[in-house]
Amino acid sequence: MRKQNLCKGCVESVIVTEEVIQELVKEAEVDLSVIVSDEIYLERLKICDSCPSLQYGTTCAHSGCIVRYRAKFKNKSCPISGKPKWEKAV
């Protein structure tokens, strides 16, 4: 029997701590060529923060990704199929 706080595909709690998120973001910033500018990043986060698909204040219901991590990358877009709320950066 699965505990209610576990994601179907995860072995850890779906609630992610601020420390874990900060570590993920820090790791993403190692290669500056693959991440977006601070301006684009903050705009993406603003969009995600107002999205009804944001769960736990951290996680996208469409992809299961931590939005503060996914939003860092140029090659990522909003995972809502059909009409993403933000696009890949060039």
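I will try to describe carefully the structure that is included in this document. The shown structure was predicted, so the numbers you read here are calculated from the model rather than taken from an experiment. Counting from 1, residues in each chain are numbered in the order their sequence is written. Only residues with pLDDT of at least 70 are given local features in this predicted model, and only at 80 or more are side-chain atom pairs given and counted; all residues enter the totals for whole chains, interfaces and linings. Side-chain figures throughout are based on the complete set of non-hydrogen atoms in the structure, without hydrogens or water.

**Let's talk about helix H2 (residues 38–49)**
No. 1: Counting from the N terminus, the helices are the DSSP runs of H or I reaching at least four residues and the strands are the DSSP runs of E reaching at least two. To estimate how far a helix should extend, the number of its residues minus one is multiplied by 1.5 Å. Compared with the 16 Å implied by 1.5 Å per residue over 12 residues, the 16 Å span of H2 between its first and last C-alpha is a close match.
No. 2: Partly exposed describes any residue whose relative accessible area lies between the buried limit of under 20% and the exposed limit of over 50%, with all areas from a 1.4 Å probe on protein chains only and scaled to the type maximum. Taken residue by residue, H2 has Tyr-41, Arg-44, Leu-45 and Cys-48 as its buried positions. For H2, the arc enclosing every buried residue in end-on projection is 100 degrees, short of the 170-degree limit, so these residues lie on one face. Exposed residues on H2 whose side chains face more than 90 degrees from its buried face are Glu-39, Leu-42 and Lys-46.
No. 3: Looking at the buried residues of H2, the elements they touch are helix H1 (18–28), strand E1 (54–55) and helix H3 (67–70). Taken from the helix axis, the directions to the C-beta atoms give the arc we talk about. Any pair of residues with heavy atoms lying within 4.5 Å of one another is described as a contacting pair.

**Re the nonpolar core**
No. 1: Among the buried residues, those of types Ala, Val, Leu, Ile, Met, Phe, Trp, Tyr and Cys that are joined through side-chain atoms within 4.5 Å form a nonpolar core. Ranked by size, the top nonpolar core spans 15 residues in total, and within it Tyr-41, Val-67, Ala-71 and Trp-86 carry the most contacts.
No. 2: When residues of this core are traced back to their parent elements, those giving at least two are H1 and H2.
No. 3: In terms of residue count, the dominant contributor to this core is H2 (3 residues).
No. 4: Those residues in contact with Trp-86 that lie beyond four places of it in its chain are Arg-44, Ile-47, Cys-48, Arg-70, Ala-71, Lys-76, Ser-77 and Cys-78.

**Side note on the packing of aromatic side chains**
No. 1: Between 30 and 60 degrees the pair is tilted, below 30 it is stacked and above 60 it is edge-to-face, where a pair is any two Phe, Tyr or Trp rings, Trp via its six-membered ring, whose centres lie within 6.5 Å. Counted by the stated rule, this structure contains 1 aromatic pair.
No. 2: Relative to Phe-73, the ring of Tyr-69 lies with its centre 5.0 Å away and its plane at 70 degrees, an arrangement referred to as edge-to-face.
No. 3: Judged by relative accessible area, which is 14%, Phe-73 ranks as buried.
No. 4: Whether a charge lies above a ring is judged from NZ of Lys or CZ of Arg, which has to be within 6 Å of the ring centre and within 35 degrees of the ring normal. Of note, Lys-72 hangs over the ring of Tyr-41, and the distance from its end group to the ring centre comes to 4.2 Å.

**A few points about the side chain of Lys-72**
No. 1: Structurally, the position occupied by Lys-72 is in the segment after H3.
No. 2: Take Lys-72: its relative accessible area is 3%, and that puts it in the buried class.
No. 3: Contacts described as polar in this section are N or O atom pairs within 3.5 Å, which, within protein, must combine one atom able to donate a hydrogen with one able to accept it, while residues neighboring in sequence count only if both atoms come from side chains. Of the polar contacts made by the side chain of Lys-72, one reaches the side chain of Glu-29; its length is 2.7 Å.
No. 4: Beyond its immediate chain neighbours, meaning those up to four positions away, Lys-72 contacts Val-25, Ala-28, Glu-29, Val-34, Ile-35, Val-36, Asp-38 and Tyr-41.

**A short note on the side chain of Thr-58**
No. 1: Within the fold, Thr-58 resides in the loop between E1 and strand E2 (59–60).
No. 2: Of the residues examined, Thr-58 reaches a relative accessible area of 11% and is grouped as buried.
No. 3: If we ignore the near neighbours within four places in the chain, the residues touching Thr-58 are Val-16, Ile-21, Cys-65, Ile-66 and Val-67.

**Here's the deal with unusual backbone geometry**
No. 1: In the Ramachandran plot, Tyr-56 falls in the positive-phi region, its phi being about 60 degrees despite a non-glycine side chain.
No. 2: Relative to the elements of secondary structure, Tyr-56 occurs in the loop between E1 and E2.

**Let's talk about the environment of Ser-53**
No. 1: Considering the arrangement of structural elements, one finds Ser-53 in the loop between H2 and E1.
No. 2: You can call Ser-53 buried: its relative accessible area is 17%.
No. 3: Taking the C-alpha atoms as reference, Ser-53 lies 9.2 Å from Ile-80; in sequence the two are 27 residues apart.
No. 4: Once residues within four sequence positions are removed from consideration, Ser-53 is found in contact with Thr-59, Cys-60, Ala-61 and His-62.

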